Amino acid sequence: MAEAHQAVGFQFTVTPDGIDLHLSREVLKHIYLSGVTSWRKRAIRFKNGILTGVYPASPSSWLIVVIAIMSTIYARIDPSLGMIDTIKRTLSVSGYMTVQTQTVLSAILFATGLWLSLILMLRYTLKTLLSYHAWIFESHGKISFCTKLWLSLVKMFSGRRPLLYSFQTSLPRLPVPSVDDTITRYLESVRPLLDDEQYNQMEVVANDFKKDQAPKLQKYLILKSWWATNYVSDWWEEYIYLRGRSPIMVNSNFYAMDLLYVTPTHRQAARAGNAVHAMLQYRRKLERGEHAPLRALGVVPMCSYQMERMFNTTRIPGIETDFVQHLSDRKHLVVYHKGRFFKVWLYYGGCHLWPSELETQFQMILNDTTEPQPGELKLAALTAGNRVPWARARLKYFSQGANKASLEAIETSAFFLTLDDEVHGYDPDKLGSLDLYAKSLLHGKCYDRWFDKSFTLIAYKNGKLGVNAEHSWADAPIIGHMWEYVLATDCFHLGYTEEGHCKGDINKGLPPPTKLQWDIPLECEEVIEDSYMVAKVIADDVDFHGCLFDEFGKGLIKKSRTNKQHNTMIRLDLFRKAADKHQNMYRLAMTGSGIDRHLFCLYIMSKYLSIDSPFLKQVLSEPWRLSTSQTPQQQLNMVDIKKFPRYVGAGGGFGPVADDGYGVSYIIVGENLITFHISSKFSSPETDSYRFGQNIRQAMLDIRALFDQKDKKEKEKEM
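From a predicted model like this one, the values you see are computed outputs, not experimental measurements.

Quick word on the overall build of the protein
Argument step 1. Scanning the protein for helices and strands turns up 22 helices and 20 strands.
Argument step 2. Out of the 719 residues in the protein, the part that is buried amounts to 48%.
Argument step 3. Of the contacts made within the protein by residues no fewer than 6 positions apart, 77% connect residues no fewer than 24 positions apart.

With respect to the sheet that holds strand β9 (residues 340-345)
Argument step 1. Read from one edge to the other, the open sheet built from eight strands follows the order β15-β9-β8-β12-β13-β14-β3-β18, with strand pairing classed as mixed. With partners counted over all chains shown, the strands left at the sheet margins are β15 (514-515) and β18 (652-654), one partner each.
Argument step 2. As judged from the three bridges shared by strand β3 (residues 254-257) and β18, these two strands associate in the antiparallel manner. Within the sheet, the bridge partner assigned to Tyr 255 lies in β18 and is Gly 653.
Argument step 3. Contacting β8 (332-337), β9 and β12 (416-419), helix α12 (residues 355-367) runs over the sheet at an angle of about 30° to β8.

Looking at the packing of aromatic side chains
Argument step 1. Under the definition given, this model contains 27 aromatic pairs.
Argument step 2. Ring centres 6.2 Å apart and planes at 70° place the aromatic pair Tyr 261 and Tyr 426 in the edge-to-face group. With Tyr 261 in the loop between β3 and α11 (268-287) and Tyr 426 in the loop between β12 and α15 (433-442), this residue pair connects regions lying 165 residues apart in the sequence.
Argument step 3. Tyr 261 gets classed as partly exposed once you look at its relative accessible area, which sits at 32%.
Argument step 4. Put simply, the rings of Tyr 336, Phe 341, Trp 390, Phe 398, Phe 416, Trp 450 and Trp 518 touch in pairs and so form one group of aromatic residues.
Argument step 5. Looking at Arg 191, its charged tip hangs above the ring of Tyr 199, at a distance of 4.6 Å from the centre.
Argument step 6. The ring of Tyr 347 is capped by Lys 331, whose NZ or CZ atom sits 5.7 Å from the centre of that ring.

A closer look at the confidence of the model for the protein
Low-pLDDT portions of the prediction should not be read for the details of their coordinates.
Argument step 1. For the protein, the mean per-residue pLDDT works out to 87, and 89% of the residues sit at or above 70.
Argument step 2. When the criterion is pLDDT under 50, residues 1-10 qualifies, and its contacts beyond four places in sequence or with other chains add up to 18 contacts.
Argument step 3. For residues 562-568, every residue scores under 50 in pLDDT, and the model assigns this stretch ten contacts once sequence neighbours within four places are set aside.

Things to note about the pairing of β8
Argument step 1. Burial within β8 is extensive, with six of its six residues counted as buried.
Argument step 2. With burial as the criterion, each face of β8 is covered, one bearing His 332, Val 334 and Tyr 336 and the other bearing Leu 333, Val 335 and His 337.
Argument step 3. In this structure, β8 lies alongside β9, joined through six bridges in antiparallel fashion. When the sheet's bridge partners are listed, Tyr 336 is paired in β9 with Phe 341.
Argument step 4. Between β8 and β9, which pair antiparallel and follow one another directly, the connecting turn spans two residues, one of which, Lys 338, has a positive phi of 50°.
Argument step 5. For β8 and β12, the ladder comprises three bridges, and the chain directions are parallel. Across the sheet, Tyr 336 pairs through a bridge with Thr 418, a residue of β12.

Observations concerning the nonpolar core
One broad trend across soluble globular proteins is that nonpolar side chains are buried collectively.
Argument step 1. Within the largest apolar cluster, 51 residues are counted, with the highest numbers of intra-cluster contacts made by Val 276, Phe 362 and Phe 455.
Argument step 2. Other than its neighbours up to four places away in sequence, Val 276 contacts Leu 333, Leu 346, Leu 358, Phe 362, Phe 415, Leu 417 and Leu 457.
Argument step 3. If you look at the next biggest cluster of nonpolar residues, it comprises 50 residues, including Val 250, Ala 393, Ile 410 and Tyr 437.

Re the packing of helix α10 (residues 233-242) against helix α20 (residues 596-608)
Argument step 1. Packing of α10 against α20 leaves a shortest axis separation of 11 Å and a crossing angle of 80°. As summarised for this structure, α10 and α20 are arranged roughly perpendicular, according to the angle between their axes. Together, Trp 235, Trp 236, Tyr 239 and Ile 240 of α10 and Asp 596, Arg 597, Phe 600, Cys 601, Ile 604, Met 605 and Tyr 608 of α20 make up the contact between the two elements.
Argument step 2. When grouped by side-chain class, the residues that make up the contact of α10 with α20 number nine nonpolar, no polar and two charged.

Things to note about the pairing of strand β16 (residues 542-549)
Argument step 1. Counting buried positions over the eight residues of β16 gives eight, a clear majority of the element.
Argument step 2. Where burial is concerned, the two faces of β16 agree: the one with Val 542, Phe 544, Gly 546 and Leu 548 and the one with Asp 543, His 545, Cys 547 and Phe 549 are both buried.
Argument step 3. Note: β16 against strand β20 (residues 673-681), eight bridges, orientation antiparallel. Counted as the bridge partner of Asp 543 is Ser 680 from β20.

A few points about the sheet that holds β20
Argument step 1. Ordered in space as β16-β20-β19-β17, the four strands form an open sheet in which the pairing is mixed. Among the strands making up the open sheet, the edge pair consists of β16 and β17 (626-630). Geometrically, the sheet is characterised by an average inter-axis angle of 15° between neighbouring strands, direction not taken into account.
Argument step 2. In this sheet, strand β19 (residues 662-669) lies alongside β17 in parallel orientation, the contact comprising five bridges. Across the sheet, the residue bridging to Ser 627 is Gly 663, located in β19.

A few points about a nonpolar patch on the surface
Argument step 1. A surface patch of nonpolar side chains, about 240 Å² in accessible area, is lined by Leu 114, Leu 118 and Met 121.
Argument step 2. Residue placement: Met 121 occurs in helix α5 (residues 99-130).

Quick word on helix α8 (residues 196-211)
Argument step 1. When the terminal C-alpha atoms of α8 are compared, their 23 Å separation across 16 residues agrees well with the 22 Å that a helix rising 1.5 Å per residue should span.
Argument step 2. Those residues of α8 not exposed but buried are Tyr 199, Met 202, Val 205, Ala 206 and Phe 209. Down the axis of α8, the buried side of the element spans an arc of 130°, and every buried residue falls inside it. In this structure, α8 carries Asp 196, Glu 197 and Lys 211 as exposed residues pointing more than 90 degrees from its buried face.
Argument step 3. Sitting at the head of α8, Asp 195 places a side-chain oxygen 3.2 Å from the backbone nitrogen of Glu 197.

Let's talk about the environment of Val 467
Argument step 1. As for its placement among the helices and strands, Val 467 is situated in strand β14 (residues 465-469).
Argument step 2. Residue class for Val 467 comes out buried when judged on its relative accessible area of 1%.
Argument step 3. Taking the C-alpha atoms as reference points, Val 467 and Asp 258, separated by 209 residues in sequence, lie 8.4 Å from one another.
Argument step 4. Residue contacts for Val 467: discarding those within four places in its chain leaves Phe 254, Tyr 255, Ala 256, Leu 441, Phe 455, Thr 456, Leu 457, Ile 479 and Trp 483.

Digging into unusual backbone geometry
Argument step 1. With omega at 15°, the peptide bond leading from Tyr 55 into Pro 56 counts as cis.
Argument step 2. Examined against the element boundaries, Pro 56 turns out to sit in the loop between α2 (25-53) and α3 (59-74).
Argument step 3. One non-glycine residue, Arg 76, lies in positive phi territory at about 60°.
Argument step 4. Among the structural elements, Arg 76 can be located in the loop between α3 and α4 (83-90).
Argument step 5. Looking at Arg 76, the relative accessible area reads 80%, which means it is exposed.
Argument step 6. With phi around 55°, Ser 610 is a residue other than glycine that occupies positive phi space.
Argument step 7. Relative to the helices and strands, Ser 610 is located in the loop between α20 and α21 (614-621).

Quick look at helix α6 (residues 145-157)
Argument step 1. The terminal C-alpha atoms of α6 lie 18 Å apart, and with 13 residues this matches the ideal 18 Å at 1.5 Å per residue to within 8%.
Argument step 2. Those residues of α6 hidden inside the fold are in contact with α5 and β5 (300-301).
Argument step 3. In the stretch just after α6, Gly 159 is the one whose phi turns positive, near 75°.

What counts, and at which threshold
- Residues numbered from 1 in each chain as written.
- Predicted model: local features only at pLDDT ≥ 70, side-chain atom pairs only at ≥ 80, totals over all residues.
- Heavy atoms only, no water.
- Helix = DSSP H or I, 4+ residues; strand = E, 2+ residues; numbered from the N terminus.
- Buried < 20%, exposed > 50% of the residue type's maximum accessible area, 1.4 Å probe, protein only.
- Contact = heavy atoms within 4.5 Å.
- Pairing = 2+ DSSP bridges.
- Axes fitted to C-alpha atoms, helices over the stretch in contact; angles between N-to-C directions.
- Phe/Tyr/Trp six-rings, centres within 6.5 Å; stacked < 30°, edge-to-face > 60°.
- Lys NZ or Arg CZ within 6 Å of the ring centre and 35° of its normal.
- pLDDT = per-residue confidence, 0-100.
- Core = buried A, V, L, I, M, F, W, Y, C linked by side-chain atoms within 4.5 Å.
- Parallel < 35°, antiparallel > 145°, perpendicular 65-115°, else oblique.
- Nonpolar A, V, L, I, M, F, W, Y, C, P; charged D, E, K, R; others polar.
- Patch = residues over 30% accessible without salt bridge, like charges linked within 9 Å, V, L, I, M, F, W, Y side chains within 5 Å.
- Areas by Shrake-Rupley, 256 points an atom, 1.4 Å probe, with all protein chains shown as cover.
- Salt bridge = Lys/Arg side-chain N within 4 Å of Asp/Glu carboxyl O.
- Expected span 1.5 Å × (residues − 1).
- Arc of directions from axis to C-beta.
- Polar contact = N/O pair within 3.5 Å; in protein donor to acceptor, adjacent residues only side chain to side chain.

As structure tokens, this is what we get:
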């Protein structure tokens, strides 16, 4: 009731003399401040929306064009070739508009039209320039004159100080590869995996598809590419992610780790306070579009669309398909701790809470000793199990009363926070610490992360952090961009006191966290337990191994790229040929000429058109036993690793993609560290994550030995 009284802006009592009205100045003050903040936010968004809308021009350039046109009019020069006079004649003559006013208005209208035309021309020119892909295929350190000229033109037409979404209208559409090229590359890629008989059979089926069904499917796909800027993304999101009915925990969600060697504070509430505050800072810049757009080579802009749904987003379960619910401007957070859910307000007086205030809120939750309500402890297991039981339970048990209100609080929150009661993180003196850390981030206890939220922030008892992210709304580099911003802000901008607390004063008038209320019937508890058991089987089967390879890193990789012409060793030649082939394949994928997305879209189109294709069925049903992913470092690269060598990220990972396969994620950190995240299943007799990691390590050492031998021979020649 205390929170309710604090929320009342006025009270009144009825007396014999009338109504005695009491206004709460404190509450009215906060209402006023909230309104001011809201209008300020709208004004900034409106301003940035205009800046993005006219980019690569600027609003001031409109004034320059208007002044230039007006100057020519007064100099009795008509740059419009008669268009200004035509506009003037179409304006209705009235008593309050003089001839001079008509002339000025006509000139302004013409200047505005000319300005908009110039903007469109600049955008089209930039879009044409960005369709040039030869730069991707050039060797590192060897840039052709054509590419140098192209880079200069891109810089020139990109304008100054672009905002996050400034380039969206200038990005070229994703091209549809030719069927011939895709099938040729597909057959080439599977040739080493098939014997002669299997390959010949695949060739026959592929050629039949190319002649019969492919032309019609390709025509419709090209038509879709003209209508949509990306002919793949909507189908990929729906059919690869949202229509999947199996658990998303392990099978779809992925994780990101904390700094590898550094823990800025061991106070759980303080670390969570800094991290949440940094996320709010990031969200504010994101909502205003103030982040700099991601650019390859620091010049070539990349699509920023996926970043829109980072916060205030939840995957909502359905019977046949899920959907992604994205809201705007959510002002609260839901926290899970020891089986209880708490709602924490992130704003007070129109401003988001400071780290010290957030630490106080989280410490209150940690100090709370109340027991979970019936069914509350493992409630989040519903998001970890099969999708259909969760969808049915949501409709049946969470559509009214306290359950509906509490579920809405979770699903409409900015994101989800787990104050974990375990200790995790990398400890070089503790065998398997990285493995246990990864498994905790990937699945936890199966009921202490809300796997449907866009991401769950996890804060451990020892101050370590991590993130578990739902995959349908974005790819890993998007969450990685936010996560690196949070880690850098936490360590190098916010900091902590000597005692490990967050810096800043504490507002003692803040309302405390509110415990969510549940009324879960026994039938629903059974559904929760069933989901938990399904999820636990999956979690217990995850075999994870984290491999830190510190024999070499970026330094030797750069060296191997630049000394190719001096190599005379046969094994090194073979290694380079394999690496070159791999590089060419991923470069083709980067330029829209990959294999799997094109074949996938052809398959979906065949289903829409009721066309049966044995080739597409066979291709889409093939199990891929190895899935690899490189985690890019984007913002922690700004930190001087030589000055702060221990402030390096550990990257992240994901679950195995096949029952008898591996999921391998790796990150190249600095000059002398590569971190591998390897997952497989204990239930498969063919896989062993630790053994696979040792094989990777040995292969890397063999590569190092080859280069050492080459260097030794070159030195002997010089002597």
